[in-house]
Each structure stands twice: as C-alpha cells, then as structure tokens.
Amino acid sequence: MDVACGTGVVARRLAERGHIGRLVGVDLNGAMLAIARTKSREVEWIEGSALGLPFASRSFDVVLCQLGLQFFPDRPRALREIARVLRSSGRLGLSVYSSIERTPAAYAFVQALDKFLGAESSRTKRAEHLSCGADEVGNWVRQAGFDRAQVETVTKQISFPSALDYVRFQLTATPMAVLLKGEDEAGRARLIAEIADDVAARLDPSTLANGRLTFPQESFVVVASLC
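Note that this is a predicted model, so its numbers are computed, not measured.

The rules behind these values
- Residues numbered from 1 in each chain as written.
- Predicted model: local features only at pLDDT ≥ 70, side-chain atom pairs only at ≥ 80, totals over all residues.
- Heavy atoms only, no water.
- Salt bridge = Lys/Arg side-chain N within 4 Å of Asp/Glu carboxyl O.
- Buried < 20%, exposed > 50% of the residue type's maximum accessible area, 1.4 Å probe, protein only.
- Axes fitted to C-alpha atoms, helices over the stretch in contact; angles between N-to-C directions.
- Helix = DSSP H or I, 4+ residues; strand = E, 2+ residues; numbered from the N terminus.
- Parallel < 35°, antiparallel > 145°, perpendicular 65-115°, else oblique.
- Left-handed = near helix turned anticlockwise from the far one by under 90°.
- Contact = heavy atoms within 4.5 Å.
- Nonpolar A, V, L, I, M, F, W, Y, C, P; charged D, E, K, R; others polar.
- Phe/Tyr/Trp six-rings, centres within 6.5 Å; stacked < 30°, edge-to-face > 60°.
- Core = buried A, V, L, I, M, F, W, Y, C linked by side-chain atoms within 4.5 Å.

Caption draft 1: View of the pattern of salt bridges. Taken as a whole and assessed by the stated rule, the structure comprises 12 salt bridges. Of the charged contacts, one joins Arg-123 and Glu-120 as a salt bridge, the two residues approaching to 2.2 Å between their closest N and O atoms. With relative accessibility at 56%, the residue Arg-123 sits in the exposed group. According to the relative accessible area criterion, Glu-120 is exposed, its value standing at 54%. Several salt bridges converge on common partners, so that one network encompasses Lys-115, Asp-198 and Arg-202.

Take a look at the structure:
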C-alpha cells in the first residue's frame, strides 16, 4: 500500500517494475486520485484517511509513504494505523523532508513570500517540512509499535533551469497558485519575477552557477519492520 499516494507516482512505479499481488494507493484528496486513475488501472485507488485506514488489521506486507507524513494532523496516530494494517514481519518505508532551513532554495522562497505576500503566505510551503530531527522521527515510528527502525538522512541535488523557473513552478503548478489568484496575467508575471529576484539574492552564488538553480534537498528516509 502507498499511503498519501497523491497522483500515484510510487504505486505506479511499483506496478511498472512487475509487482505481484495486491497494490493499493490511498489518499484523502479525490482530485489527485482522479488523476491517478487515468494513469494506471493496475493499482486500486482508494479515497481514505491515513488516520483511519479503511482496511482490516494485518492486510498488507509492505506500506510506503513518500513525503506524506509531514502533512498528517496526527502523525503518531497515522503511524499506529500503518502498524495495524501490516502483517507480522511487515515493513514500512517512508520519506519526509527535514527542516526547511536545511533546503536553501525552499528557505529563501518562504522568506521571499513573507516579504511580498505576507507572513501567512508561506504556511503551505513550510508545511512540506518537519521541524524536528531524525531521532524524533525514529522515536515516533518505534512508539507506533515498530520493533526495528532505521532513519537515514539523505541529501539529493535538485536543479531548475533558473530561480525564475523554480518560483514560477511553485506559484503556478502547486497549491500555492492560490496566492496569486487575485492577480491578472501581468500582475502574476510581475510578482513571480520580483519573488524570484529576491530568492536569488538570498542564495549563495554557487547555487546559481551558469544561470541554473541547483541546491541540496534534505530528507529523512525511514525503513522499519514489525516482529
């Protein structure tokens, strides 16, 4: 099962790699599931909450959760639900972004949003990141009933053609697009350009070499199992 599957990237990748057996994607967002259904018929797409997974106990061998944990309003409860639906010796794999200060472009972006659009404007972007460390994430998993839990801090390099492209993506292709809904096309373009310039000014010049924006994105990756 892929919890908080969104448009189904992880579940679809498993299907493409020849997964044998039941494969389920669960998400609370019906609109995202509608997109997932158009992309794969090999996966069962089910609308449901991570806080109350709509499955019997001990239904799955493996549960995955890519970049979903940070959005759950009750993370310990969600982890207990995952433990409940796993069979004995079942495994959990999840990833979650670390503190936003550890991802330079994201941190510069939220500061620019606060400057141009007001302090509340950065709430959605900040919510993509945890504010705690790897040890605390590991403790959540163990307290949920997992006997073995390994937490690794993983950093990958993210690249965009430019700071402008990064900001444009954030403000047109994510839920943050709502921040500019009151602007006409010219107004949106102007704000995106101004925010991008501010983001670039906050970053180390090395991240903008040759005009491209390249920066480290830090995540915690958890692999855990039940006895």
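Caption draft 2: Seen up close, the packing of helix α7 (residues 163–172) against helix α8 (residues 185–202). The contact between α7 and α8 brings their axes to 9 Å, and the two run at 125°. On the basis of the axis angle, α7 is oblique to α8. Once α7 is placed against α8, the crossing between them reads as right-handed. Of the residues in α8, those in contact with Ala-163, Leu-164, Val-167, Arg-168, Leu-171 and Thr-172 of α7 are Ile-192, Ala-193, Ile-195, Ala-196, Val-199 and Ala-200. Classifying every residue of the contact of α7 with α8 by side-chain character gives 10 nonpolar, 1 polar and 1 charged.

Caption draft 3: The packing of aromatic side chains, seen in detail. The full count for this structure, using the stated rule, is 5 aromatic pairs. Relative to Tyr-166, the ring of Phe-109 lies with its centre 5.9 Å away and its plane at 75°, an arrangement referred to as edge-to-face. In this pair, Phe-109 sits in helix α4 (residues 104–117) while Tyr-166 sits in helix α7, placing the two residues 57 residues apart along the sequence. Judged on exposure class, the residue Phe-109 and its partner Tyr-166 are both buried. Taking 5.1 Å as the distance between ring centres and 75° as the angle between the ring planes, the aromatic pair formed by Phe-160 and Tyr-166 counts as edge-to-face. Neither Phe-160 nor Tyr-166 differs from the other in exposure class; each is buried. An aromatic cluster of three or more residues is present, and its members are Phe-109, Phe-160, Tyr-166, Phe-169 and Phe-215.

Caption draft 4: Main features of the environment of Ile-158. As for its placement among the helices and strands, Ile-158 is situated in strand β6 (residues 148–160). Expressed as a C-alpha distance, the spacing of Ile-158 and Leu-64, which sit 94 residues apart in the sequence, is 22 Å. When sequence neighbours within four positions are dropped, the list of residues in contact with Ile-158 reads Leu-213, Thr-214, Phe-215 and Gln-217.

Caption draft 5: Representation of the nonpolar core within the structure. Grouped together as the largest cluster of nonpolar side chains are 35 residues, with contacts concentrated most on Met-1, Val-63, Leu-79, Leu-92 and Phe-146. If you tally residues by element for this core, the top one is helix α3 (residues 75–85), at 5 residues. In this structure Phe-146 touches Leu-79, Ile-82, Ala-83, Leu-86, Leu-92, Val-141, Ala-224, Ser-225 and Leu-226, once residues within four positions along its chain are discounted. Core analysis: the second largest hydrophobic core is formed by 22 residues, Ala-112, Ile-192, Ala-196 and Phe-215 among them.

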